[in-house]
Amino acid sequence: MLNTYFRTIVGIMVLLSVVLTYYVNPNWMWFTVFIGVNLIQSAFTKWCLLETILVKLGVKKEGGSCSSC
């Protein structure tokens, strides 16, 4: 369940940042860059802020973290 929430939220954030970049201001691309850097960081450190937040909100882990998807 955690992986489903994680992938959905990250996908929405990426799509939202692309839409905001196109229609509002090109500086919104930095939000996309932040998301990408955070995903790379979580792959190396095995720690993900979004995972921590979702677990505190009560989302159950299926086994494995978001950085091991």
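Further up the page is the structure itself.
A brief structural summary. (Residues numbered from 1 in each chain as written. Predicted model: local features only at pLDDT ≥ 70, side-chain atom pairs only at ≥ 80, totals over all residues. Heavy atoms only, no water.)

## Some points on the overall build of the protein chain
- Looking only at helices and strands, one finds three helices and zero strands in the protein chain.
- Reading the protein chain from its N end, one meets helices and strands in the order α-α-α.
- The buried share of the protein chain, taken over its 69 residues, is 23%.
- With the model as given, the accessible surface of the protein chain reaches about 5000 Å², and the carbon-plus-sulfur share is 72%. (Helix = DSSP H or I, 4+ residues; strand = E, 2+ residues; numbered from the N terminus. Buried < 20%, exposed > 50% of the residue type's maximum accessible area, 1.4 Å probe, protein only. Areas by Shrake-Rupley, 256 points an atom, 1.4 Å probe, with all protein chains shown as cover.)

## Describing a nonpolar patch on the surface
- On the surface, a cluster of nonpolar side chains totalling about 620 Å² of accessible area is made up of Val19, Tyr22, Tyr23, Val24 and Trp28.
- Under the relative-accessibility criterion, Val19 is labelled partly exposed at 43%. (Patch = residues over 30% accessible without salt bridge, like charges linked within 9 Å, V, L, I, M, F, W, Y side chains within 5 Å. Salt bridge = Lys/Arg side-chain N within 4 Å of Asp/Glu carboxyl O.)

## What to know about the nonpolar core
- Counting eight residues, the largest nonpolar core consists of Leu2, Phe6, Val10, Ile35, Cys48, Leu50, Leu54 and Val59.
- Going through the elements one at a time, α1 (2-23) and α3 (49-56) are the ones with two or more residues in this core.
- The dominant element in this core, judged by the number of residues it contributes, is α1, at three residues.
- Setting aside residues up to four positions removed in sequence, Val10 forms contacts with Ile35, Leu39 and Leu50. (Core = buried A, V, L, I, M, F, W, Y, C linked by side-chain atoms within 4.5 Å. Contact = heavy atoms within 4.5 Å.)

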